[in-house]
Amino acid sequence: NKNMATLIATLTLTSSDATSDELSFSVTDSLSITGDTVNLSRVATSTGDLTLFASSSYSRSYIYLKNTDGSIAMDIDFGSTASFNLRPGEFAFFPWHGSQNVVVAADSGTPVLEYALWEA
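Here the residue numbers are simple positions, counted from 1 along each chain's written sequence. For this predicted model, a pLDDT threshold of at least 70 governs which residues receive local features, and a threshold of 80 or more governs which side-chain atom pairs are given and counted, while totals over whole chains, interfaces and linings are taken from all residues. The side-chain values count all of the structure's non-hydrogen atoms but skip hydrogen atoms and water molecules.

Q: In this structure, what is going on with the side chain of glutamate 114? I would like to understand it.
A: Runs of H or I in DSSP of at least four residues are treated as helices and runs of E of at least two as strands, each being numbered from the N terminus. Within the element layout of this structure, glutamate 114 appears in strand β10 (residues 112-119). Polar contact is defined as a pair of N or O atoms within 3.5 Å, subject to the rule that within protein one atom must be able to donate a hydrogen and the other to accept it, and that residues adjacent in sequence are counted only when both atoms are side-chain atoms. Separated by 3.2 Å, the side chains of glutamate 114 and arginine 42 make a polar contact. A distance of 2.7 Å separates a polar atom in the side chain of glutamate 114 from a polar atom in the side chain of tyrosine 64. Whether two residues are in contact is decided by their heavy atoms: any pair within 4.5 Å suffices. Those residues in contact with glutamate 114 that sit more than four places away from it in its chain are Leu40, Ser41, Arg42, Tyr64, Leu65, Lys66 and Thr68.

Given below as structure tokens:
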């Protein structure tokens, strides 16, 4: 899908005991979407590497990922570099440069990953 759209992203963090001071802040950004999009989708993962987004197909983008499983974690890698681990129920939203593939591999089993992409 080719778009000329705006994506509004908001992050809110609050806690009364994570730091010595009470934590409460929210940031919002208006992101320009000018290229392809991948609608909210789900895929069953495995312990083998699955290329979710190929760098040859997308340029700079914003990516949403959520591990929908209740007990199995999964690794998210950029190319062959281990980047971060999504524990059960965790999510991530981040800007992606588009220079390395986004690859996912489950720690075990076949947990489901929810994902979307908006090309900037």
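Text resumes after the structure shown.
Q: Before we go on, may I ask you to explain the nonpolar core in this structure?
A: The tendency in soluble globular proteins is for nonpolar side chains to be buried side by side. To define a nonpolar core, start from buried Ala, Val, Leu, Ile, Met, Phe, Trp, Tyr and Cys residues and group those joined through side-chain atoms within 4.5 Å. Buried means the residue's accessible area, taken with a 1.4 Å probe over protein chains only, is under 20% of the maximum for its type, while exposed means over 50%, and partly exposed covers the values in between. Ranked by internal contacts, the top residues of the largest apolar core, which has 17 residues, are Phe53, Ile63, Leu65 and Trp96. Residue assignment for this core shows that the elements contributing at least two residues are β4 (50-53), β5 (61-67), β6 (74-78), β8 (91-96), β9 (102-106) and β10. Those residues within four positions of leucine 65 in sequence are excluded, and the remaining contacts are Leu52, Ile76, Phe84, Leu86, Glu90, Phe91, Ala92, Phe94, Leu113, Glu114 and Tyr115. Counting 5 residues, the second largest nonpolar core, distinct from the first, contains Leu7, Ala9, Leu31 and Ile33.

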